[in-house]
Amino acid sequence: MTRIAAVHGALPPYRYAQHELTDAFASLCLPDGASHGVLKRVHANAGVSYRHLALPLEEFIALKDFGAANDAWIASAVDLGAEAVAAALDQAGLTVADVDLLMFTTVTGLAAPSIDARVAARLGLREDVRRLPLFGLGCVGGAAGVARVHDYLKAWPGQVGVLLSVELCSLTLQRDDASMPNLVAGALFGDGATAVVMTGAEHPAARGPSVLATRSRLYPDSERVMGWDVGAGGFRVVLGAEVPDVVRKYLGGDVPAFLADHGLSVPEIAAWVCHPGGPKVLEAVAETLALRPGALDLTWQSLDAVGNLSSSSVLQVLGATIATGPEPGTPGLMLAMGPGFCSELVLLEW
């Protein structure tokens, strides 16, 4: 079984209360003289108290175009990514020389060479390290990344794989765009990075929770539920109001069926590692799966403390869950949904 040896999150140093960002985003997104009422209600109901930004607020406001925002994304992504990977390897008792695979996921910026190549150079990873950059998975990317590293380590059980997620969502905010998707994204999403160190079953340093199985699911006729439209101003968010409805339609069948294939049921899951998609999504997950009270507390806490970090969020919830120390031998489930529209389920054992 693949083991999760360490998880480390890295957040930019620029932390702001939600009300500070509400005022700043109103000045950027709304026309002069427009009412701020709708935007303030969206921000107030997002379940978010604080968020971190890749740039100080004054520099963020001064960004002129997509090129400037993407340049800032590259610089910050390399800094945060290198910090997260180095700390996670140290936590796992490993060094950069031990890394055989570096997988990188993001949906908030573009770079060639990709961020994984730049982080590898910054940290001094081996010249023969395998790299796999993934773009476009969005919020599902953290869970999907764990699943794909697991797939790799099943083939190479003596090796070490590192998953790195960097999402700097603030740098995708569209100026002069008062559409509801842009306002909702501006209320929910924050910036951060997470690295996960995983070892194959035969690696001498194998320890930590085990990955037992994974399942991917693409949902029909749902391409416009979530994603990006890319234009002159960069990434313009596609965020449908039907996301909670998709959760209710499919997750109640997908999760029990996946668990049943492994001799388990929903009540037997000791720890739920759920992506913090937003209040309505979390309420839909809890309702659809009939979860016990408090099952998603760590996810709600993450949303409140840092906002939705896209692919990085579920990984930070994973780290927080490991830190709580679930009872050894008990099962856990990581789940996330994202563009496609799709879901990823990862069965864990503590």
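Residues numbered from 1 in each chain as written. Predicted model: local features only at pLDDT ≥ 70, side-chain atom pairs only at ≥ 80, totals over all residues. Heavy atoms only, no water.

Comments concerning the environment of K40
Convention followed: Each helix is a run of DSSP H or I of at least 4 residues and each strand a run of E of at least 2, with the numbering of both proceeding from the N terminus. Each residue is assigned to one of three classes by its accessible area relative to the maximum for its type, calculated with a 1.4 Å probe on protein chains only: buried under 20%, partly exposed between the two thresholds, exposed over 50%. Whether two residues are in contact is decided by their heavy atoms, any of which lying within 4.5 Å being enough.
The residue K40 is located in helix α2 (residues 37-44) in this model. Given a relative accessible area of 45%, K40 falls into the partly exposed group. Not counting residues within four places of it along the chain, the set of residues in contact with K40 comprises T22 and D23.

A closer look at the pattern of salt bridges
Going by this rule: Whenever Lys or Arg places a side-chain nitrogen within 4 Å of a carboxyl oxygen from Asp or Glu, that contact is recorded as a salt bridge.
The full count for this structure, using the stated rule, is 11 salt bridges. As a salt-bridge pair, R148 and E344 come within 3.3 Å of each other at their nearest N and O atoms. One end of the pair, R148, is in helix α6 (residues 141-155); the other, E344, is in strand β13 (residues 342-349), and 196 residues separate them in sequence. For R148, a relative accessible area of 27% gives the class partly exposed. On the basis of relative accessibility, which here comes to 4%, the residue E344 falls in the buried class. A salt bridge links D229 to R224; the nearest nitrogen and oxygen atoms lie 2.9 Å apart. In this structure D229 comes out as partly exposed when scored by relative accessible area, which is 33%. On the accessibility criterion, R224 (52% relative accessible area) is exposed. Overlapping salt bridges, with partners in common, bring together D100, R126 and D128 in one network.

Some details on the state of the cysteines
We apply this condition: A pair of sulfur atoms, both from cysteines and within 2.5 Å, is called a disulfide here.
The tally for this structure, following the rule as stated, stands at 0 disulfides. C139 carries a free sulfur, and the closest cysteine sulfur to it, the one in C169, is 7.4 Å from it.

Considering the packing of aromatic side chains
In this description, a pair of aromatic rings is defined by centroid distance and the angle of the planes. For the record, the criterion: Each Phe, Tyr or Trp ring, with Trp reduced to its six-membered ring, pairs with another whose centre is within 6.5 Å; inter-plane angles below 30 degrees give stacked pairs, above 60 give edge-to-face pairs, and intermediate values give tilted ones.
What the rule picks out here adds up to 6 aromatic pairs. Their ring planes at 45° and their centres at 5.8 Å tell us that F25 and F60 sit as a pair that is tilted. Taken together, the positions of F25 in helix α1 (residues 18-29) and F60 in helix α3 (residues 57-62) put the pair 35 residues apart, joining distant regions of the chain. Like F60, F25 is buried. Arranged with centres 6.2 Å apart and planes meeting at 35°, the rings of F135 and F235 form a pair that is tilted. In this pair, F135 is assigned in strand β5 (residues 130-135) and F235 in strand β10 (residues 234-239), connecting sequence segments 100 residues apart. By relative accessible area, F135 is classed as partly exposed at 44%. Using a relative accessible area of 3% as the deciding quantity, one classes F235 as buried. Through successive ring pairs, a cluster of aromatic residues spans F66, F135, W228 and F235.

Section: the side chain of T22
The line we're drawing: Whenever two N or O atoms come within 3.5 Å, that pair is a polar contact, provided that in protein one can donate a hydrogen and the other can accept it, and provided that, for residues adjacent in sequence, both atoms are side-chain atoms.
Mapping T22 onto the fold places it in helix α1. Look at T22 and you get buried, because its relative accessible area is 8%. Among the polar contacts listed, one links the side chain of T22 to the side chain of H43, at a separation of 2.9 Å. Filtering out sequence-adjacent residues up to four positions away, T22 remains in contact with L39, K40 and H43.

Some words on the sheet that holds strand β7 (residues 191-199)
What counts is decided by this rule: When DSSP locates at least two bridges between a pair of strands, those strands are taken to pair. To obtain an axis, a line is fitted to C-alpha atoms, over the contacting stretch when the element is a helix, and the angle between two such axes runs from 0 to 180 degrees between their N-to-C directions.
Pairing is mixed in the open sheet, where 9 strands are placed in the order β5-β4-β6-β7-β1-β8-β13-β12-β11. Across the chains shown, the open sheet's two edge strands, defined by having one partner strand only, are β5 and β11 (271-274). Taking the axes of each pair of neighbouring strands and ignoring which way they run, one obtains an average angle of 25° across the sheet.

Overview of the packing of helix α10 (residues 297-306) against helix α11 (residues 311-324)
Worth spelling out the cut-off: For classification purposes, angles smaller than 35 degrees are called roughly parallel, those larger than 145 roughly antiparallel, those between 65 and 115 roughly perpendicular, and all remaining angles oblique. What makes a crossing left-handed is the near helix being turned counterclockwise from the far one by less than a right angle; a clockwise turn instead makes it right-handed. Put simply, Ala, Val, Leu, Ile, Met, Phe, Trp, Tyr, Cys and Pro go in the nonpolar bin, Asp, Glu, Lys and Arg in the charged bin, and everything else, Gly too, in the polar bin.
At a minimum axis distance of 10 Å, the contact between α10 and α11 shows a crossing angle of 130°. Relative to α11, the element α10 is oriented oblique. Like other packed secondary-structure pairs, α10 and α11 cross with a definite hand, here right-handed. For the pair α10 and α11, contact is made by L298, T299 and S302 and by V317, A320, T321 and T324, respectively. Taken together, the residues of the contact of α10 with α11 sort by class into 3 nonpolar, 4 polar and no charged.

Here's the deal with the UniProt feature "domain: Chalcone/stilbene synthase N-terminal" (unreviewed entry) in the protein
So the rule is basically this: UniProt positions are given in the numbering used here, feature names are shortened, and annotations may be inferred rather than shown by experiment.
UniProt records the feature "domain: Chalcone/stilbene synthase N-terminal" (unreviewed entry) for residues 71-198 in the present numbering. What you have in residues 71-198 is 43% helix and 23% strand, and the ends, taken at the C-alpha atoms, are 30 Å apart.

Some points on helix α4 (residues 66-92)
Applicable threshold: Expected helix span is computed as 1.5 Å times (number of residues minus one).
When the terminal C-alpha atoms of α4 are compared, their 37 Å separation across 27 residues agrees well with the 39 Å that a helix rising 1.5 Å per residue should span. Where α4 begins, the capping side chain belongs to D65, and its oxygen is found 3.2 Å from the backbone nitrogen of G67.

Here's the deal with the packing of α4 against helix α5 (residues 115-123)
With their axes 9 Å apart at the nearest point, α4 and α5 run at an angle of 55° to one another. By the angle class used here, α4 and α5 are oblique. Seen along the crossing, α4 lies across α5 with a hand that is right-handed. Contacts from W73, I74, A77, V78, D79, G81, A82, V85 and A86 in α4 reach I115, R118, V119, R122 and L123 in α5. Counted by class, the contact of α4 with α5 contains 10 nonpolar, 1 polar and 3 charged residues.

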